[in-house]
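Fold and contact review
These are the residues of each chain, in order.
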Amino acid sequence: MSTFATRIQSLSRASRYARRAGWPAIVSVCILLLVVIMGLAAPWLAPQNPNEVDLGSIYASPSRQHWLGTDGLGRDLVSRLIWGARTSLLGPLLVAGAAAFLGSAVALATAWRRGRFDTVTTSLVDTMLGFPGLLLAILSVALFGKGLLAPVVALAIAYMPYFARVTRSAALRERSLPYVTALTIQGMGGLRIALRHILPNILPLVLAQSAMLFAYAMVDLAAISFLGMGVQPPTADWGSMVAVGQSGVLQGHPMQSLTAGGLIVVTVVAVNIFAEAIAGRSARGQH
Amino acid sequence: MSLLEVRDLCVWVQTEGKDRQVLRDVVLSVAPGEALGLVGESGAGKSMTARAVGRMLPTGASATGDILFDGASVLAMTGRDLRAFRRRGTSFVAQNPLSAINPVHTIGDYLTEPLVVIAGMRHKAASEAAVAALAEVGIMDGLRVLGQYPHELSGGMLQRVMICSSLLSGSRLIVADEPTASLDVTTQSQVMAILDELRRERSLSLLFISHDLELAAAICDRISVMYAGEIVECQNARGLQAEPRHPYTRALFAARPTIDGASHRLPAIPGRAIAAHEAGAGCSFANRCPYVAPQCNTEHPLLTETDGGQVRCLRAAEIAALPLPMRCPP
């Protein structure tokens, strides 16, 4: 009985959140869920092997067998798009996660210590801001070779300063509040106060920023794939599908570039709206 | 020996690039089990004194003089010693409890965290100790309160939770900085009664900071009066009420409303309270003092011992002989 009551309660709470967030946020969350499910369940959802070449049906038009047609090697587009969700989502997720982790660490450390450590670290981070992320990614590919990892590492490092700056200002504001003084005077250690008390208070901002970084990383990783330095064929990836689809566009078969590009755009927009919803909620939460 | 002894404490803070003095030769002592009231107007330096005791001066502040806790110099403490002093030596009861408790954690987290982290207790034992301590401050449904968030409790409840937290810390000195300023009068008296009773039961020392002279006199053994960053008078509470020696204290007592039912126009002290850095060479109260003499403007009075207290006034002896200012002129 009580579990039923609490379930009703949590349902009604969810619907209240949803109503307050507005329909764009709901739609974007639904889209994101769909894309994530697509990536996770790719082996079961994909109608065909994404890498199976069929030179007999190059650039086939949509049919019952190939719902969106095939690409220049006769591979089924739907299957490639579904499998492509995996790398296309994993890359940005790693970038956003790593940048958020590094950025929060730098932000909390500088806001906590202040003084000279803050000045030096913040100036270093600001210097990093001047370095273009894409260039860093290309350099890192040159050093570590093509694939998913090199661009991910490079972008994480390149995005960290943006993250650190915004988070630091929030952490500084939080740090000056009386409850932090009260904790210090209770003899709590700095690490504990920073992680257990300040971080939860700035978490909405951290989440909102991570979501925004996710969207940026998706576009940048797609660009790196497009340049041919990211994920290598035959692995399906939306960014590289757009790139490979170029020749098809010239021959009058734009389906591959359009669908893959469309998925990138839709996902990025959904993530952005989602991020904005989180940010808005946290802004309202702060009286 | 006193538990807390503040000797000639001077504090400067940086404002707009300038060092400004906010405390001038503050002298205090709190014996074990004693309650000392520190009263004065806003800006007199009461809270700054409290912050100095907890070594929580604002960034860029500098201090001279000494603060001794149990014989050890607080100002000279570093790292481990400072943390040990903060953990077990003193505890602070803040003016606005809602802002002094992390909003994202429950009351249970707030009360048990120090026990778990500092005293190394297990969570379950810490929760039980918290419930028991909550009962002592008059919160009987402690188990329910432990699961609540700060914003769900009233100001009076939260202030009791803060007092409860000082009890749990096992500190020997409680520094209460206007603990009842944000409470209504009824809640205020309840909270003060709890604080007073628990302090006496456990013979804890209390440094009670207030602008409410009567409240301080009611619960403190001795009272120090601050004006413009310095102590102008210190006496036991009863003596201070009966025979205030410093003109400022005398004027403060005259400016209180009475409870005899009749409403009169209250005598006010002319002028405004000056800040510590505005004080000139003479007595800081000279420009508002009804007993001012020529030497008051040139010579800075020292805090001199009188029978049963200290007073910082050149003419203290003469003034003591004068009748108190009329409380309610007919």
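A quick note: this is a predicted structure, and the numbers were derived from the prediction, not measured.

Bringing the overall build of chain B into the picture now. Helix and strand content of chain B: 12 helices and 12 strands. Here the C-alpha coordinates of chain B stretch approximately 65 × 50 × 40 Å along the principal axes. Residues counted as buried form 50% of the 330 residues belonging to chain B. Across chain B, every contact between residues at least 6 apart in sequence was considered, and the portion connecting residues at least 24 apart equals 64%. Per element, the accessible surface of chain B, about 14,700 Å² overall, is 54% carbon and sulfur. Of the charged side chains in chain B, 31 are positive and 34 negative; the average position of the first set lies 3 Å away from that of the second.

With that out of the way, let us pick up the confidence of the model for chain B. Averaged over every residue, the pLDDT of chain B is 87; the share at 70 or more is 96%. Scored by ipTM, the complex comes to 0.80, with pTM at 0.78.

This part covers the interface of chain A and chain B. Taken residue by residue, the interface counts 18 residues in chain A and 21 residues in chain B. Here chain A and chain B share an interface that buries about 1,700 Å² over both sides, 58% of which is from carbon and sulfur atoms. Where chain A touches chain B, the interface holds 2 salt bridges. A salt bridge links R196(A) to E113(B); the nearest nitrogen and oxygen atoms lie 3.4 Å apart. Viewed at the interface, chain B and chain A are joined by 8 residue pairs in polar contact (both at pLDDT 80 or more). It is helix α8 (residues 178-185) of chain A that provides the largest number of residues to the side of chain A that touches chain B, a total of 7 residues. Of the residues assigned to the side of chain A that touches chain B, the class counts are 7 nonpolar, 8 polar and 3 charged.

Within this model, the second largest pocket holds a volume of roughly 760 Å³. Around the second largest pocket, the lining comprises 24 residues; the ones closest to its centre are R114(A), R175(A), T184(A), M56(B) and R86(B). Of all the secondary-structure elements, those providing two or more residues to the lining of the second largest pocket are α4 (77-113) and α8 of chain A together with α2 (79-89) of chain B. When residues of the lining of the second largest pocket are assigned to their parent elements, the largest contribution, 4 residues, is made by α2(B). Considering only residue class, the lining of the second largest pocket consists of 8 nonpolar, 9 polar and 7 charged.

What follows covers the nonpolar core. One finds L111(B), L134(B), V137(B), V161(B), L206(B), F208(B) and I223(B) to be the most contacted residues of the largest nonpolar core, which totals 67 residues. The element best represented in this core is helix α7 (residues 155-169) of chain B, accounting for 7 residues. Once residues within four sequence positions are removed from consideration, L206(B) is found in contact with V30(B), E34(B), A35(B), L36(B), L173(B), I174(B), A176(B), L195(B), R199(B) and I219(B). Counting 56 residues, the second-largest nonpolar core is a separate cluster that includes W112(A), A154(A), L155(A) and V180(A).

Residues and elements named next belong to chain A. With respect to the helices and strands, the residue R86 is situated in helix α4. According to the relative accessible area criterion, R86 is partly exposed, its value standing at 36%. Residue contacts for R86: discarding those within four places in its chain leaves G39, L40, A42 and P43. At 3.3 Å, the side chain of R86 forms a polar contact with the backbone oxygen of L40.

With that out of the way, let us pick up the side chain of R222(B). In this structure, R222(B) sits in strand β9 (residues 222-227). Setting aside its immediate chain neighbours within four residues, R222(B) contacts S29(B), V30(B), E34(B), A35(B), L36(B), G37(B), C234(B), Q235(B), N236(B) and A237(B).

This part covers empty space enclosed by the protein. Residues and elements named next belong to chain A. Applying the stated rule across the entire model yields 6 cavities of 30 Å³ or more. Space inside the largest cavity adds up to approximately 120 Å³. Around the largest cavity, the lining is made up of 16 residues, and of these S88, L221, A222, S225 and D237 lie nearest the centre. For the lining of the largest cavity, the secondary structure elements donating two or more residues are α4 and α9 (190-226).

Another aspect to go through is the sheet that holds β9(B). All names here are of chain B. Spatially, β6-β7-β8-β3-β9-β10-β12-β11 is the arrangement adopted by the 8 strands of the open sheet, whose pairing is mixed. Looking along the sheet, the strands with just one partner apiece sit at the ends: β6 (90-93) and β11 (304-306). Direction aside, the axes of adjacent strands within the sheet are offset by 25° on average. Of the strand pairs in this sheet, β6 and strand β7 (residues 173-177) are connected by 4 bridges, and their pairing is parallel. Pairing of F92 across the sheet is with V175, part of β7. Across the sheet, α2 touches β6 and β7, and the angle it forms with β6 is around 60°. Where α7 meets the sheet, it contacts β6 and β7, and its direction lies at approximately 180° from that of β6.

The next thing to look at is the packing of aromatic side chains. Applying the stated rule across the entire model yields 4 aromatic pairs over all chains. With centroids separated by 5.0 Å and ring planes inclined at 65°, the aromatic side chains of F69(B) and F85(B) adopt a geometry described as edge-to-face. Of this pair, F69(B) sits in strand β4 (residues 62-69) while F85(B) is found in helix α2, placing the two residues 16 residues apart along the sequence. A relative accessible area of 4% means that F85(B) is categorised as buried. The cationic tip of R175(A) hangs over the ring face of W112(A); the distance from NZ or CZ to the ring centre is 4.3 Å.

All right, on to the pattern of salt bridges then. In this structure the tally under the stated criterion is 18 salt bridges over all chains. Linking R200(B) and D196(B) is a salt bridge whose minimum nitrogen-to-oxygen distance equals 3.3 Å. In this pair, R200(B) and D196(B) are both assigned in helix α8 (residues 185-201), 4 residues apart and thus about one turn of the helix distant. For D196(B), a relative accessible area of 15% puts it in the buried group. The network of salt bridges with shared partners includes R192(A), R196(A) and E113(B).

Attention now goes to the pairing of β4(B). Residues and elements named next belong to chain B. Summarising the sheet, strand β1 (residues 4-15) and β4 pair through 7 bridges and their orientation is antiparallel. Within β4, the residue paired with R7 across the bridge is D66. Here β4 pairs with strand β5 (residues 72-73) via 2 bridges, running antiparallel. Residue pairing across strands places F69 opposite A72, the latter belonging to β5. In textbook terms, the turn of a hairpin is the stretch between consecutive antiparallel strands, and for β4 and β5 this stretch comprises 2 residues, one of which, D70, has a positive phi near 55°.

So, how was this worked out
Residues numbered from 1 in each chain as written. Chains lettered and ligands numbered in written order. Predicted model: local features only at pLDDT ≥ 70, side-chain atom pairs only at ≥ 80, totals over all residues. Heavy atoms only, no water. Helix = DSSP H or I, 4+ residues; strand = E, 2+ residues; numbered from the N terminus. Buried < 20%, exposed > 50% of the residue type's maximum accessible area, 1.4 Å probe, protein only. Contact = heavy atoms within 4.5 Å. Areas by Shrake-Rupley, 256 points an atom, 1.4 Å probe, with all protein chains shown as cover. Lys, Arg positive; Asp, Glu negative; His and termini not counted. Charge placed at Lys NZ, Arg CZ, Asp CG, Glu CD. pLDDT = per-residue confidence, 0-100. Buried area = accessible area lost by both parts, 1.4 Å probe. Salt bridge = Lys/Arg side-chain N within 4 Å of Asp/Glu carboxyl O. Polar contact = N/O pair within 3.5 Å; in protein donor to acceptor, adjacent residues only side chain to side chain. Nonpolar A, V, L, I, M, F, W, Y, C, P; charged D, E, K, R; others polar. 1 Å grid on protein atoms, 1.4 Å probe; cavity = no way out; pocket = protein on both sides within 12 Å on 5 of 7 lines; lining within 4 Å. Points joined across faces, edges and corners; volume = space filled by probe spheres on them. Core = buried A, V, L, I, M, F, W, Y, C linked by side-chain atoms within 4.5 Å. Pairing = 2+ DSSP bridges. Axes fitted to C-alpha atoms, helices over the stretch in contact; angles between N-to-C directions. Phe/Tyr/Trp six-rings, centres within 6.5 Å; stacked < 30°, edge-to-face > 60°. Lys NZ or Arg CZ within 6 Å of the ring centre and 35° of its normal.

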